[in-house]
Amino acid sequence: GGAGLTNADVMNSYVLDKLQLMAKKGNSKYKMKPIRMKNGKERYLLLISNENAIQLRQDARFEKHMLSIVEAGHADDPFASGALGVWGNIILQECDYISQFASGDDSYSRNLLLGANAMVLGWAQTSDYTEERRDHNRLLSMACDEIRGQKKLQFDGVDMGVAQIVASNKIG
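Every value quoted in this text rests on a predicted model; they were computed, and no experiment measured them.

Quick notes on the rules
Residues numbered from 1 in each chain as written. Predicted model: local features only at pLDDT ≥ 70, side-chain atom pairs only at ≥ 80, totals over all residues. Heavy atoms only, no water. Salt bridge = Lys/Arg side-chain N within 4 Å of Asp/Glu carboxyl O. Buried < 20%, exposed > 50% of the residue type's maximum accessible area, 1.4 Å probe, protein only. Phe/Tyr/Trp six-rings, centres within 6.5 Å; stacked < 30°, edge-to-face > 60°. Helix = DSSP H or I, 4+ residues; strand = E, 2+ residues; numbered from the N terminus. Polar contact = N/O pair within 3.5 Å; in protein donor to acceptor, adjacent residues only side chain to side chain. Contact = heavy atoms within 4.5 Å.

## So, the pattern of salt bridges
- Across all of its chains, the model carries 5 salt bridges by this definition.
- In this structure, Glu-42 engages Arg-36 in a salt bridge whose closest nitrogen and oxygen atoms are separated by 2.7 Å.
- With relative accessibility at 37%, the residue Glu-42 sits in the partly exposed group.
- Residue Arg-36 is classed as exposed on the basis of its relative accessible area of 57%.
- Between Arg-138 and Asp-135 there is a salt bridge; the shortest N-O distance is 2.6 Å.

Following this line, the structure appears as structure tokens:
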């Protein structure tokens, strides 16, 4: 539920500052492992609702930060251009599938901060691809199969590498 939340609890650059600390330090028992990028930098991923993305774009500090990235010549960065942006070591990605809930007259989004240990993907068989010609070589039939699975990691009944960041959907 939304106990203790108000429509003033919106997504903004100050929340992002606190998320960076939370992700780096973790809690008394577990720490969120960062995602190591190809360039060696460590990042976290924040999947953010459409409403909360609008709130961030309206935040004056966030706007100044994004303009500084463009002026510094980093606008072509694949992460900066493919995502809502980068704040410190958090990649912000707008997502259509963020879960939402209502509390009274207000609605809230359950944004997700993800680290490298949020999920595991394992293969028992990698892609097995075949082609064969049929009907006197007029048709090409293709098939591909693999055996794999993915699972959100838990340890001692605690979700690992993921934190739910609840924010109001109020825009304006």
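## Quick look at the packing of aromatic side chains
- Across all of its chains, the model carries 2 aromatic pairs by this definition.
- Note on Phe-62 and Trp-87: the rings are 6.0 Å apart at their centroids and 25° apart in plane angle, and the pair reads as stacked. Placement of Phe-62 in helix H3 (residues 60–71) and of Trp-87 in strand S3 (residues 85–87) is noted, with a sequence separation of 25 residues between them.
- Seen in terms of ring centroids, Phe-101 and Tyr-108 are 5.4 Å apart; in terms of plane orientation they differ by 25°. Their pairing is stacked. Of the two residues examined, Phe-101 and Tyr-108, each falls in the buried class.

## Describing the side chain of Asn-117
- Relative to the assigned elements, Asn-117 resides in the loop between strand S6 (106–114) and strand S7 (119–134).
- Within the structure, the side chain of Asn-117 is placed 3.4 Å from the backbone nitrogen of Lys-33, a separation counted as a polar contact.
- Residues in contact with Asn-117, not counting those within four places in the same chain, are Lys-31, Met-32, Lys-33, Leu-153, Met-160 and Gly-161.

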